[in-house]
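Residue-level structural notes
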Amino acid sequence: MAAPQAAAPNNVFGEGSFIQKYSDVMIAVAIITIVVMMIIPLPTLLLDMLICLNITIALLVVMSVIYNKEALDLSIFPSLLLITTLFRLALNISSTRLILLEGYAGEVITAFGNFVVGGNPVVGFIMFIILVAINFIVITKGSERVAEVSARFTLDAMPGKQMSIDADLNQGAITDAEAKIRREKIQHEADFFGAMDGASKFVKGDAIAAIFIMFINIIGGFVIGMLQRNLDALHALQTYTLLTVGEGLVSQIPALLISTATGLIVTRAGAEGNLGSDMIGQLFHNDRIFFILGGVLLFFAIVPGLPGLPFTVLAIACIMVARLLHKGVEVKTETQQEAKNVQEKKKATAPENIVSLLQVDPMELEIGYSLIPLVDTGQGGDLLDRIVMIRRQCALELGLVVPTIRIRDNIQIKPNAYIIKLKGIEIAKGELMLDHYLAMNSGTVF
């Protein structure tokens with residue numbers, strides 16, 4: 001008897017795993033914990049860990065957006081945007097409580113306040129204002145507008161896309177299951193961009209709240225430092241300003257990353273791959289562009305008054321890229337020409353395949369040249385659609401699968417004539433007069 005095979009180990013995050021099984025409980029606990037963080041004071045060590053976790057989550061979101069091929073690959077982004085914004089605000093409240101109560105909010109905030117801005121509160125304040133302005137005015141405002149327009153255009157295009165799916169289904173180009181999947185995708189796109197239109201307001205509100213929290217920390221810390229901790233005005237202002245700036249930088253860096261991810265995911269229209277492959281493929285495809293760019297940079301290098309070294313280095317780099325692209329185009333052209341020559345040679349030396357000429361269609365309709373407008377969709381002909389609908393009706397009502405009907409023109413018959421063939425044998429024929437009415441005897445005409 002063969003030994004029983006060992007069960008394959010489940011993926012930690014795969015279907016049926018422990019984390020996947022209890023994911024709803026974990027998310028519910030995480031959201032409740034975030035809300036509780038706004039009420040219960042946190043120790044500084046735990047606050048440092050949560051701040052680092054916030055930065056890690058922001059980086060994870062940005063990387064996930066970069067490697068997605070389309071927006072629906074991260075359809076949970078609106079909800080994720082709300083949770084990350086709530087988490088960031090909870091950290092702001094916890095750090096504000098520690099700053100005002102103890103004058104110390106952990107190693108991370110202190111490091112950002114001293115190391116990043118060099119211990120200068122004025123420089124830190126200016127950097128914070130610049131980050132908030134970039135986040136609020138540039139990225140968040142643009143993402144909000146793109147999400148609004150995308151939601152509007154997606155909703156307007158829904159009827160046309162659904163009609164296109166119905167037309168493909170009637171012609172037999174897709175199956176019922178494929179049509180259902182495509183309809184669901186269109187609905188999900190509309191729901192996603194509609195949700196993104198509202199979710200982008202979270203980032204906007206977070207940027208506004210960061211400004212209020214900063215001024216509250218500075219003013220409140222200045223008052224508490226002078227009245228309760230007996231610090232002089234300069235010492236109190238410098239201490240609490242550095243802590244406030246450090247806390248603001250710690251919160252604004254993840255906010256800026258999340259805002260960037262928001263802008264990336266709503267602007268991924270017509271993407272064919274991930275962001276890196278699309279960008280390299282679309283920017284680095286024409287060698288002439290880099291030759292011209294290298295020449296312009298060389299001209300800037302020799303202009304008196306401009307720094308020559310940076311422009312010269314960039315010009316050389318552009319020319320090298322152009323040469324590499326040019327060689328790649330030549331190799332690709334030679335490969336395509338060789339493949340074409342081999343294919344033509346093989347086609348010329350191969351024996352003629354006449355088996356396909358003996359194939360007989362199950363059902364065939366031959367029409368004269370005057371009846372071509374009935375078939376040509378460019379001239380308003382809908383005969384093909386009518387035949388597809390009749391085949392579907394026969395299959396649904398009678399359970400009879402009518403084979404594919406081949407329609408071809410025949411110049412050897414009368415212009416208005418048609419012939420119906422079954423396995424190449426004529427079984428019916430007649431004539432049709434386009435733009436004419438057919439008078440039929442109802443039985444009362446003598």
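Numbering of residues starts from 1 in each chain and follows the order in which that chain's sequence is written. Only residues with pLDDT of 70 or above have their local features reported here, since the model is predicted, and side-chain atom pairs are shown and tallied only from 80 upward, although totals for entire chains, interfaces and linings are computed over all residues. The basis for the side-chain values is all heavy atoms of the structure; hydrogens and waters are excluded.

Considering the overall build of the protein chain
- Across its full length, the protein chain carries 12 helices and 4 strands.
- Classification of residues uses two cut-offs on accessible area relative to the type maximum, computed with a 1.4 Å probe and protein chains only: under 20% is buried, over 50% is exposed, and between them is partly exposed. Counting over 446 residues, the protein chain shows a buried share of 30%.
- Contacts are assigned to residue pairs with any non-hydrogen atoms lying within 4.5 Å of each other. A separation of at least 24 residues holds for 74% of the contacts in the protein chain among residues at least 6 apart in sequence.
- Computed with a 1.4 Å probe, the accessible areas rest on the Shrake-Rupley method; for each residue, only the protein chains presented here act as cover. Split by element, the accessible area of the protein chain, about 28,700 Å² in all, is 67% carbon and sulfur. Segments assigned H or I by DSSP are reported as helices when at least four residues long, segments assigned E as strands when at least two residues long, and all are numbered from the N terminus.

What to know about the nonpolar core
- We define a nonpolar core as any set of buried Ala, Val, Leu, Ile, Met, Phe, Trp, Tyr and Cys residues linked to one another through side-chain atoms lying within 4.5 Å. Ranked by internal contacts, the top residues of the largest apolar core, which has 23 residues, are Met37, Leu50, Ile51, Phe87, Leu91 and Val250.
- Those elements that provide at least two residues to this core are helix 2 (23-37), helix 3 (44-66), helix 4 (77-102), helix 5 (107-116) and helix 8 (233-266).
- Not counting residues within four places of it along the chain, the set of residues in contact with leucine 91 comprises Met37, Leu47, Leu50, Ile51 and Asn54.
- Counting 20 residues, the second largest nonpolar core, distinct from the first, contains Val61, Leu81, Ala147 and Ile258.

Digging into helix 12 (residues 383-397)
- Relative to the 21 Å expected for 15 residues at 1.5 Å per residue, helix 12 spans 21 Å between its end C-alpha atoms, a close match to the ideal helical length.
- All of the buried residues along helix 12 are Ile387, Val388 and Cys394. Projection of helix 12 onto a plane perpendicular to its axis shows the buried side chains occupying an angular sector of 125 degrees, all on one side. Exposed residues pointing more than 90 degrees away from the buried face of helix 12 are listed as Leu396 and Glu397. A helix is expected to span 1.5 Å multiplied by its residue count minus one. The arc in question is formed by the directions pointing from the helix axis toward the C-beta atoms.

What to know about the pairing of strand 3 (residues 417-422)
- Burial along strand 3 is one-sided: the face carrying Ala417, Ile419 and Lys421 is buried and the face carrying Tyr418, Ile420 and Leu422 is not.
- Sheet topology places strand 1 (residues 363-367) next to strand 3; 5 bridges connect them, and they run antiparallel. Among the inter-strand pairings, glutamate 364 is bridged to a residue of strand 3, identified as lysine 421.
- Two strands form a pair only when DSSP identifies at least two bridges running between them. Here strand 3 pairs with strand 4 (residues 425-431) via 6 bridges, running antiparallel. Residue isoleucine 419 lies in a different strand from strand 4, and its bridge partner there is lysine 429.

Some thoughts on the sheet that holds strand 4
- If you walk across this open sheet you meet the 4 strands as 2-1-3-4, and the pairing is mixed. Looking at strand neighbours, the two that pair on one side only are strand 2 (405-409) and strand 4, the edges of this open sheet. Looking at each pair of strands side by side, their axes are set apart by 20 degrees on average, direction ignored. Lines are fitted to the C-alpha atoms to define the axes, a helix being fitted only along its stretch in contact, and any angle between axes, read from their N-to-C directions, falls within 0 to 180 degrees.

Regarding the packing of aromatic side chains
- Pairing of aromatic rings covers Phe, Tyr and Trp, the last through its six-membered ring, and needs centres within 6.5 Å; plane angles under 30 degrees mean stacked, over 60 mean edge-to-face, and all others mean tilted. Using the criterion set out here, one finds 2 aromatic pairs in the structure.
- Arranged with centres 6.2 Å apart and planes meeting at 50 degrees, the rings of phenylalanine 299 and phenylalanine 300 form a pair that is tilted.
- Each ring, one from phenylalanine 300 and one from phenylalanine 311, has its centre 5.6 Å from the other, and the planes form 65 degrees; the classification is edge-to-face. Taken together, the residues phenylalanine 300 in helix 10 (residues 287-302) and phenylalanine 311 in helix 11 (residues 308-349) connect sequence positions 11 residues apart.
- Among the aromatic side chains, those forming a connected cluster through ring pairs are Phe299, Phe300 and Phe311.

What about a nonpolar patch on the surface?
- Like charges within 9 Å and nonpolar side chains (Val, Leu, Ile, Met, Phe, Trp, Tyr) within 5 Å are joined into patches, using only residues over 30% in relative accessible area that form no salt bridge. Every case where a carboxyl oxygen of Asp or Glu lies within 4 Å of a side-chain nitrogen of Lys or Arg is listed as a salt bridge. Together, Val122, Ile126, Ile130, Ile134, Ile137 and Val138 give the surface a local cluster of nonpolar side chains, amounting to about 540 Å² of exposed area.
- Of note, isoleucine 126 is situated in helix 6 (residues 121-170).
- Classification of isoleucine 126 by relative accessible area gives partly exposed; the value is 45%.

Some words on the confidence of the model for the protein chain
- Looking at any residue, its pLDDT shows the predictor's confidence there, from 0 to 100. Of the residues in the protein chain, 89% have a pLDDT of 70 or more, and the chain-wide mean is 77.
- Confidence, expressed as mean pLDDT per element, reaches its minimum in the protein chain at helix 1 (residues 18-21) with 68 and its maximum at strand 3 with 88.
- Of the regions scoring below 50 in pLDDT, residues 1-10 engages in 1 contact with residues more than four places distant in sequence or in other chains.

Describing the packing of helix 4 against helix 7 (residues 176-227)
- Contact geometry for helix 4 and helix 7: axes closest at 9 Å, N-to-C directions at 5 degrees. Taken together, the axes of helix 4 and helix 7 are roughly parallel relative to one another.
- Side-chain classes follow a simple rule in which Ala, Val, Leu, Ile, Met, Phe, Trp, Tyr, Cys and Pro form the nonpolar group, Asp, Glu, Lys and Arg form the charged group, and the remainder, Gly included, forms the polar group. Class assignment for the residues of the contact of helix 4 with helix 7 results in 16 nonpolar, 7 polar and 2 charged. In this scheme, roughly parallel covers angles under 35 degrees and roughly antiparallel covers those over 145, while 65 to 115 is roughly perpendicular and the rest are oblique.

Thoughts on the side chain of arginine 97
- Along the chain, arginine 97 turns up in helix 4.
- A distance of 2.8 Å separates a polar atom in the side chain of arginine 97 from the backbone oxygen of methionine 38.
- Setting aside its immediate chain neighbours within four residues, arginine 97 contacts Met37, Met38, Ile39, Ile40 and Pro41. Any pair of nitrogen or oxygen atoms within 3.5 Å is treated as a polar contact; in protein, a donor-acceptor pairing is required on top of that, and neighbouring residues in sequence qualify only through side-chain atoms on both sides.

A closer look at unusual backbone geometry
- Positive phi, normally seen in glycine, also occurs at lysine 423, with a value near 55 degrees.
- With respect to the helices, strands and loops of the structure, lysine 423 is situated in the loop between strand 3 and strand 4.

Here's the deal with the pattern of salt bridges
- One pass over the full model with this rule turns up 4 salt bridges.
- With a shortest N-O distance of 3.1 Å, aspartate 382 and arginine 386 are connected by a salt bridge.
- Across the pair glutamate 431 and lysine 414 runs a salt bridge whose closest N-O atoms are separated by 3.4 Å. With glutamate 431 in strand 4 and lysine 414 in the loop between strand 2 and strand 3, this pair connects stretches of sequence that are 17 residues apart.
- The exposure class of glutamate 431 is partly exposed, given its relative accessible area of 46%.

Here we look at the side chain of asparagine 410
- Tracing the sequence through the fold places asparagine 410 in the loop between strand 2 and strand 3.
- A polar side-chain atom of asparagine 410 sits 2.9 Å from a polar atom in the side chain of glutamate 366.
- A distance of 2.9 Å separates the side chain of asparagine 410 from the backbone nitrogen of glutamine 412, its partner in a polar contact.
- Ignoring any residue separated from it by four or fewer positions in sequence, one finds asparagine 410 in contact with Glu366, Ile367 and Gly368.

A short note on the packing of helix 3 against helix 8
- Relative to each other, helix 3 and helix 8 sit at 15 degrees, their axes nearing to 9 Å. Considering their axes alone, helix 3 and helix 8 lie roughly parallel with respect to each other. Note on packing geometry: the crossing formed by helix 3 with helix 8 is left-handed. In this structure, helix 3 uses Ile51, Asn54, Ile55, Ala58, Leu59, Val61, Val62, Val65 and Ile66 to contact helix 8, whose residues at the interface are Val250, Pro254, Leu257, Ile258, Ala261, Leu264 and Ile265.
- For the contact of helix 3 with helix 8, a count of residues per class yields 15 nonpolar, 1 polar and no charged. Crossing handedness is read from the near helix: turned anticlockwise from the far helix by less than a right angle, it gives a left-handed crossing, and turned clockwise, a right-handed one.

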